[in-house]
Amino acid sequence: MKWLLFILMLNLVGCAGWGVNPWDRDLMAQKSMQFGAESVDEAYTDHIYFSKEGSSGGSGFSGGGCGCN
Amino acid sequence: MKVLLSFLILWSVSAPAQPTLEEHRGKVIYLDFWASWCTPCLASFPWLNQIHEKYKSKNFTVVGVNLDKKREKADDFLSSQPANFPLVFDPEGKLPTKYKVEGMPYSVILDEQGKVIHRHIGFDIAKTAEYQKAIEEVLKK
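The following paragraphs examine the structure supplied in this document.

1. Considerations on the overall build of chain B
Along chain B, the regular secondary structure elements total 5 helices and 5 strands. If you take every contact in chain B between residues at least 6 apart in sequence, the share linking residues at least 24 apart comes to 68%. For chain B, the accessible area works out to roughly 7,900 Å², and carbon and sulfur atoms hold 58% of it.

The structure is reproduced here in structure tokens:
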């Protein structure tokens, strides 16, 4: 019974390790994982969105999260 | 229990060797974390080759830590952009966890004792003078 309880509790913390490490972005950084096919067009749309809404992101990325490309 | 124990023993014996920087200990190390899918990493390689060549006689080395999950991807990258400095392959991400990598590429300068002296995120060709200054400061100590 104790073990069962332990396993159940373990399930509760199953999502605690969520999030992708910068070095694990391998698959997500690939072109096929982007929403749009044309990256320049995507960047343009994102720029307009940023200037209108004051926020950006959420539309995929190709970099490693350093904010420099 | 015996089965579990023998499984654990077998697992630990068959586990691949952990990536380590031991063979470079005693040198000033410019640790560069890179992967084949990271565009600025590609841009940083010519400069990394250059600084490795420039300072290697001063007890300095660049060590590139590749973080690709598949070795073939790293090899493809290296065939188009060769690295003239030592490389460590760390698909499991042990070293970036240890050095708290926050983005890619990521660079850490370690002194002779392995202490972190400087770190920066990303690679900007306009900031190479700044990176070089940080290396020279560690080498002067």
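2. Considering the state of the cysteines
Residue and element names in this part refer to chain B. Within this structure, the stated rule accounts for 1 disulfide over all chains. Here Cys 38 is linked by a disulfide to Cys 41, with a sulfur-sulfur distance of 2.2 Å. Here the S-S torsion is close to 85°, and the disulfide linking Cys 38 with Cys 41 is therefore right-handed. Like Cys 41, Cys 38 is buried.

3. Some words on the pattern of salt bridges
Residues and elements named next belong to chain B. Considering all chains together, one arrives at 6 salt bridges over all chains under this definition. Across the pair Lys 56 and Glu 53 runs a salt bridge whose closest N-O atoms are separated by 3.4 Å. Owing to a relative accessible area of 46%, Glu 53 belongs among the partly exposed residues under this scheme. The salt bridge partner of Asp 75 is Arg 71, with a shortest N-O separation of 3.3 Å. Taken together, the residues span about one helical turn, with Asp 75 and Arg 71 both in helix 3 (residues 71-80) at a distance of 4 residues. The partly exposed category is assigned to Arg 71, whose relative accessible area is 44%.

4. A few points about unusual backbone geometry
Backbone phi values are negative for most residues with the exception of glycine, while trans is the configuration of most peptide bonds. Residue and element names in this part refer to chain B. Cis geometry marks the peptide bond from Met 104 to Pro 105; its omega dihedral reads -5°. Residue placement: Pro 105 occurs in the loop between helix 4 (94-98) and strand 4 (106-110). The backbone of Asn 59 shows a phi angle near 60°, a positive value even though the residue is not glycine. Note that Asn 59 resides in the loop between helix 2 (39-55) and strand 2 (60-66). In this structure, Lys 100 takes a positive phi of about 50° despite not being glycine. Turning to its location among the elements, Lys 100 is positioned in the loop between helix 4 and strand 4.

5. Comments concerning the packing of aromatic side chains
Residues and elements named next belong to chain B. Counted by the stated rule, this structure contains 11 aromatic pairs over all chains. Arranged with centres 5.7 Å apart and planes meeting at 70°, the rings of Tyr 55 and Phe 60 form a pair that is edge-to-face. Judged on exposure class, the residue Tyr 55 and its partner Phe 60 are both buried. Through successive ring pairs, a cluster of aromatic residues spans Tyr 30, Trp 47, Phe 123 and Tyr 131. Cation over ring: Arg 71 sits above Phe 89, and NZ or CZ is 3.6 Å from the ring centre.

6. Some words on the environment of Trp47(B)
Residue and element names in this part refer to chain B. Take Trp 47: it is sitting in helix 2. Along the primary structure Trp 47 and Ser 79 are separated by 32 residues, whereas in three dimensions their C-alpha atoms are 17 Å apart. Beyond its immediate stretch of four places on either side in the chain, Trp 47 contacts Tyr 30, Phe 123, Thr 128, Tyr 131, Gln 132 and Ile 135.

About the thresholds
Residues numbered from 1 in each chain as written. Chains lettered and ligands numbered in written order. Predicted model: local features only at pLDDT ≥ 70, side-chain atom pairs only at ≥ 80, totals over all residues. Heavy atoms only, no water. Helix = DSSP H or I, 4+ residues; strand = E, 2+ residues; numbered from the N terminus. Contact = heavy atoms within 4.5 Å. Areas by Shrake-Rupley, 256 points an atom, 1.4 Å probe, with all protein chains shown as cover. Disulfide = S-S within 2.5 Å. Buried < 20%, exposed > 50% of the residue type's maximum accessible area, 1.4 Å probe, protein only. Salt bridge = Lys/Arg side-chain N within 4 Å of Asp/Glu carboxyl O. Phe/Tyr/Trp six-rings, centres within 6.5 Å; stacked < 30°, edge-to-face > 60°. Lys NZ or Arg CZ within 6 Å of the ring centre and 35° of its normal.

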